[in-house]
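The primary structure of each chain is shown beneath.
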Amino acid sequence: MKSGDTNLLLYAMNRGCAEHAAAKAWLDGALAEPRKWIFADQILFELYRLLRHPKVMAKPLSAALAVEQIVWFREETGFLHCGYDESRWQGVMDALVAQGERSGLLVHDAVLAATLRAQGVTQFHSPNVADFVGFGFFEVVNPLK
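Residues numbered from 1 in each chain as written. Predicted model: local features only at pLDDT ≥ 70, side-chain atom pairs only at ≥ 80, totals over all residues. Heavy atoms only, no water.

A. Summary view of the pattern of salt bridges. For the structure on display, the rule yields five salt bridges. With a shortest N-O distance of 3.9 Å, Glu33 and Lys2 are connected by a salt bridge. Of this pair, Glu33 sits in the loop between α2 (20–32) and β2 (38–40) while Lys2 sits in strand β1 (residues 2–4), and the two are 31 residues apart along the sequence. Taking the relative accessible area as the measure of exposure, Glu33 reaches 30% and is therefore partly exposed. In the salt-bridge network here, residues are joined through shared partners; they are Lys2, Glu33 and Lys36. (Salt bridge = Lys/Arg side-chain N within 4 Å of Asp/Glu carboxyl O. Helix = DSSP H or I, 4+ residues; strand = E, 2+ residues; numbered from the N terminus. Buried < 20%, exposed > 50% of the residue type's maximum accessible area, 1.4 Å probe, protein only.)

Right, here's the structure in full:
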């Protein structure tokens with residue numbers, strides 16, 4: 001099972017960023033085999049925030065348009081989806097301890113990693129590879145390279 005980071009989705013949806021073409025190619029590849037991919041709701045909540053943020057988007061989306069994008073991604077692409085379950089609490093805490101001094105910056109990533117790991121994710125795609133090292137994924141890949 002594979003998953004991907006919020007930034008990849010943002011780049012794929014934002015024609016104005018330098019990473020758009022590579023991220024769009026990545027997303028098109030994932031869309032070609034949607035049942036091999038799972039995305040946590042946390043990623044979609046982050047994407048909603050970024051699509052509406054004026055420092056991220058030259059033309060931020062309205063709430064209605066951002067929700068439309070999120071609903072399409074979650075409900076119409078065929079991708080699997082999951083959410084955080086409180087039974088993963090201890091795993092998140094253990095991951096934060098293992099990250100040491102970096103853990104304050106990576107708390108959201110630790111929650112995401114625990115959520116996805118529990119769903120059997122063995123490969124995570126992100127342009128921010130260093131943020132996910134040490135969370136127990138089999139492999140962290142930067143598809144933009």
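Next comes the rest of the write-up.
B. Region of the structure containing the packing of helix α1 (residues 6–13) against helix α3 (residues 41–51). For the pair α1 and α3, the least separation of the axes is 9 Å and the interaxial angle reads 45°. As the angle between them shows, α1 and α3 are arranged oblique. Here α1 runs over α3; the crossing is right-handed. Within the contact between the two elements, α1 uses Thr6, Asn7, Leu9, Leu10 and Met13 and α3 uses Ile43, Leu44, Glu46, Leu47, Leu50 and Leu51. (Axes fitted to C-alpha atoms, helices over the stretch in contact; angles between N-to-C directions. Parallel < 35°, antiparallel > 145°, perpendicular 65-115°, else oblique. Left-handed = near helix turned anticlockwise from the far one by under 90°. Contact = heavy atoms within 4.5 Å.)

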